[in-house]
Amino acid sequence: MSKYLFEVVRNGHALGDAWVDLDGLSEMRREALKALQDIAVDEMASSDLDEFMTVSVHDEAGRLVYSATIVSQSFPVSQQSH
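Residues numbered from 1 in each chain as written. Predicted model: local features only at pLDDT ≥ 70, side-chain atom pairs only at ≥ 80, totals over all residues. Heavy atoms only, no water.

**Q** Can you help me understand the pairing of strand β1 (residues 2-10) in this one?
**A** It is a general feature of regular strands that their side chains alternate between the two faces of the sheet. Both β1 and strand β2 (residues 13-22) contribute to a ladder of nine bridges, which runs antiparallel. Looking at the pairing, Leu5 lines up with Trp19 of β2. Hairpin connection, β1 to β2: the antiparallel pair is bridged by two residues, and Asn11 has positive phi, about 50°. (Pairing = 2+ DSSP bridges. Helix = DSSP H or I, 4+ residues; strand = E, 2+ residues; numbered from the N terminus.)

Structure below.
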């Protein structure tokens, strides 16, 4: 098992980090994407702003081993009905 540091950043502001023990790179990638999706739903779903959220994963030596980003964009709502 390997230890990985997961860091979550929303619009340039850190939301938090956590060390996680996982069996390898494949499991780490799956957990990173799952965490990104879960956090994005909670943090970004109600916002009308253009936003981005990134999860970065570092190994025990501090090297970046994985990063994924979700971008949320707002669209202008027309005041006229078609």
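What follows continues from the structure just given.
**Q** Just checking my understanding: could you explain the nonpolar core for this structure?
**A** Considering soluble globular proteins, one finds that nonpolar side chains tend to be buried as a cluster. Within the largest apolar cluster, 14 residues are counted, with the highest numbers of intra-cluster contacts made by Phe6, Met28, Val55 and Val57. Only β1, α1 (25-44), β3 (51-58) and β4 (64-72) provide two or more residues apiece to this core. With near-sequence residues (within four places) excluded, Phe6 lies in contact with Gly16, Asp17, Ala18, Val20, Leu22, Met28, Glu31, Ala32, Val55, Ser56 and Val57. (Core = buried A, V, L, I, M, F, W, Y, C linked by side-chain atoms within 4.5 Å. Buried < 20%, exposed > 50% of the residue type's maximum accessible area, 1.4 Å probe, protein only. Contact = heavy atoms within 4.5 Å.)

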